[in-house]
Amino acid sequence: GNASGNLGVPITLTPNYGYDGSKDKPARATVEAVYQQIIADMTDAATNLPEENIDYRLGRYAANAFLSRVYLNMGDYTNAASNANTVINSGLYGLTPSYGNAFNGLSNTVEDVFAIQQTAQSNAGTTNGGLTTFYSPQPAGRGDAQINFGYFDYFSTGDTRPDFTYIGVSIAGF
């Protein structure tokens, strides 16, 4: 569409410490303005953050990865490739030997440019706050991201990706 004319989301650049009706309902910015703000923020982050994501926080290369995705969405393939190459050429990331090794670990893998680890303390399992309540085949979980069982028909025999789902019941009991 028309990035300079289509509306995106509001841009808020100051902290909100209490409700102020005159400033807490900002107008929507154009898609172009939103993209430019994201690019400015991520470029600043890519320049000033540490190279590695210490304690699972955003690091320089995660900012470059996000920039690459933004440029890709904008159709700016030159900048998308440049930022992706910055991450790839860092030598810090790669592919795990098998698909299953990229998931369910207690720490980041070589594939994780940015990840938030879930522990027994931070993830409530199958209760209201647990990740399995959000991503489960239907009818299960909270319904936030239910998977239609027909989806599994797209995978060939021996493909392990369908094994990374949780089958259970929803909070409603069905």
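Rules used throughout
Here the residue numbers are simple positions, counted from 1 along each chain's written sequence. Only residues with pLDDT of at least 70 get local features here, since the model is predicted, and only at 80 or more are side-chain atom pairs given and counted; chain-wide, interface and lining totals rely on the full set of residues. Processing note: side-chain calculations cover all non-hydrogen atoms of the structure and skip hydrogens and water entirely. To form a nonpolar core, buried Ala, Val, Leu, Ile, Met, Phe, Trp, Tyr and Cys residues must be joined to one another through side-chain atoms within 4.5 Å. For every residue, the accessible area (1.4 Å probe, protein chains only) is compared with the maximum for its type, and the residue is labelled buried under 20%, exposed over 50%, or partly exposed between those bounds. Segments assigned H or I by DSSP are reported as helices when at least four residues long, segments assigned E as strands when at least two residues long, and all are numbered from the N terminus. We call two residues contacting when some pair of their heavy atoms lies within 4.5 Å. All axes here are fitted lines through C-alpha atoms, helices being fitted over the stretch that makes contact, and every angle between N-to-C directions spans 0 to 180 degrees. Angles are sorted into four bins: roughly parallel if under 35 degrees, roughly antiparallel if over 145, roughly perpendicular if 65 to 115, and oblique for all others. Helix crossings fall into two classes, left-handed where the near helix is turned counterclockwise from the far one by less than a right angle and right-handed where it is turned clockwise. Gly counts as polar in this scheme, as do all residues outside two lists: the nonpolar Ala, Val, Leu, Ile, Met, Phe, Trp, Tyr, Cys and Pro, and the charged Asp, Glu, Lys and Arg. What makes a patch is a set of residues exposed beyond 30% relative accessible area and free of salt bridges, joined within 9 Å when like-charged and within 5 Å when nonpolar (Val, Leu, Ile, Met, Phe, Trp, Tyr). Only the protein chains shown count as cover for residues, and the accessible areas themselves come from Shrake-Rupley with a 1.4 Å probe. By definition, a salt bridge exists where a carboxyl oxygen of Asp or Glu is found within 4 Å of a side-chain nitrogen of Lys or Arg.

Peer 1: Can you tell me about the nonpolar core, naming the residues and giving the values?
Peer 2: As a rule of thumb, nonpolar side chains are buried together in soluble globular proteins. Residues Ile39, Met42, Ala45, Ala46, Ala63, Leu67, Val70, Tyr71 and Ala80 constitute the largest nonpolar core, which totals 9 residues. Breaking this core down by element, the ones donating at least two residues are helix H1 (31-48) and helix H2 (60-74). Contacts of Ile39, omitting those with residues within four sequence positions, involve Leu67, Val70, Tyr71 and Met74. Counting residues in hydrophobic clusters, the runner-up holds 5 residues, among them Tyr61, Ala62, Val87 and Tyr93.

Peer 1: Describe in detail the packing of H2 against helix H3 (residues 77-88), supporting the description with residues and values.
Peer 2: The interhelical angle for the contact between H2 and H3, taken along N-to-C directions, is 160 degrees, at an axis separation of 8 Å. The orientation of H2 relative to H3 falls into the category roughly antiparallel. Crossing angle aside, the handedness with which H2 passes H3 is left-handed. From H2, Tyr61, Asn64, Ala65, Leu67, Ser68, Tyr71 and Leu72 reach across to H3, where they touch Tyr77, Asn79, Ala80, Asn83, Ala84, Thr86 and Val87. Considered class by class, the residues forming the contact of H2 with H3 number 9 nonpolar, 5 polar and no charged.

Peer 1: Residues and numbers for a nonpolar patch on the surface, please.
Peer 2: The grouping of Phe66, Phe114 and Ile116 at the surface amounts to a nonpolar patch, some 290 Å² of accessible area in total. Looking at the element boundaries, Phe66 is found in helix H2.

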